[in-house]
Amino acid sequence: MELNRRELVISTLGAATACACAAGCSASRVGATPTMRSGKQLDVGAVSDFTQGVDDRFARTERVVLVREGEKLFAMSAICTHKACILKKRTEAELKCPCHGSHFSLEGKPLGGPATGTLPRFAIRLNEAGHVIVDTSEKFAVNQSADPRTFIMLGAAERAE
């Protein structure tokens, strides 16, 4: 079968559109675990840089949010579990997905919207200089939040600064 120029252009554009859609949609399918850039250790600053509530300074660039709740500091994924959009601080006690309206508690549990999965936590520690280091290669489920690798106790750490 021979195609004229018009049919060739239309079929080529259709194929290109299908490929682009498949590539874009595969990363954001419902229920998908969002892919992060290769895990790495991030120096996010001194302990004293973190006040109560949500800190989303690293959400867009590193896909990480930090949360200070009482004397604990922990790091979570900033990627919505619904369709992998980057979360933003809604209030000091909530994160919100700007794409589809899901919102999450400080613990990473979905509070509303289409998202049903919890946000994973990352390993977090202090280095010798008293800086907070987040290791995105170590992920933890919300039911592992008592694991000492998932948080820093701040009382003693702040007095040491």
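What counts and what doesn't
Residues numbered from 1 in each chain as written. Predicted model: local features only at pLDDT ≥ 70, side-chain atom pairs only at ≥ 80, totals over all residues. Heavy atoms only, no water. Helix = DSSP H or I, 4+ residues; strand = E, 2+ residues; numbered from the N terminus. Buried < 20%, exposed > 50% of the residue type's maximum accessible area, 1.4 Å probe, protein only. Contact = heavy atoms within 4.5 Å. pLDDT = per-residue confidence, 0-100. Pairing = 2+ DSSP bridges. Axes fitted to C-alpha atoms, helices over the stretch in contact; angles between N-to-C directions. Core = buried A, V, L, I, M, F, W, Y, C linked by side-chain atoms within 4.5 Å. Salt bridge = Lys/Arg side-chain N within 4 Å of Asp/Glu carboxyl O.

(A) Geometry of the environment of D135. In this structure, D135 sits in strand β10 (residues 131-140). Residue D135 is classed as buried on the basis of its relative accessible area of 13%. Between the C-alpha atom of D135 and that of A123, which follows or precedes it by twelve residues, the distance is 5.1 Å. The contacts of D135, once residues within four sequence positions are left out, are K40, Q41, F122 and A123.

(B) Fine view of the confidence of the model for the protein. Here the protein shows a mean pLDDT of 82. Residues at 70 or above account for 73%. Note on residues 19-37: pLDDT under 50 across the span, and 23 contacts to partners over four residues away in sequence or across chains.

(C) Representation of the sheet that holds strand β8 (residues 110-112) within the structure. With antiparallel pairing, four strands are arranged side by side in an open sheet as β5-β6-β7-β8. Both outer strands of the open sheet, β5 (88-91) and β8, are each paired with one neighbouring strand and no more. In this sheet, neighbouring strand axes are inclined to one another by 40° on average, regardless of whether the strands run parallel or antiparallel. The pairing of β5 with strand β6 (residues 94-96) spans three bridges and is classified as antiparallel. Within β6, the position partnered with K88 by the bridge is K96.

(D) Summary view of the nonpolar core. Judged by nonpolar contacts, the single largest core of 19 residues is most densely connected at M76, L87, L95 and F104. In this view, L87 contacts A59, S77, A78, I79, C80, L95, K96, C97, P98, F104 and L119; residues no more than four positions away in its chain are not counted. One finds V64, L73, I124 and I152 within the second-largest nonpolar core, a separate group that totals 15 residues.

(E) Inspection of the pattern of salt bridges at higher detail. For the structure shown, the criterion picks out six salt bridges. Between E92 and K89 there is a salt bridge; the shortest N-O distance is 3.1 Å. Looking at K89, the relative accessible area reads 36%, which means it is partly exposed. One salt bridge in this structure joins E138 and R149, with 3.3 Å as the shortest N-O distance. Of this pair, E138 sits in strand β10 while R149 is found in the loop between β10 and β11 (152-153), placing the two residues eleven residues apart along the sequence. Overlapping salt bridges bring together E138, D147 and R149 as one network.

(F) Region of interest: unusual backbone geometry. For R63, which is not glycine, the phi dihedral falls at a positive 65°. Mapped onto the fold, R63 is located in the loop between α2 (59-62) and β3 (64-69). Residue class for R63 comes out partly exposed when judged on its relative accessible area of 25%. One non-glycine residue, A84, lies in the positive phi region at around 65°. Relative to the helices and strands, A84 is located in the loop between β4 (72-77) and β5. Owing to a relative accessible area of 28%, A84 belongs among the partly exposed residues under this scheme.

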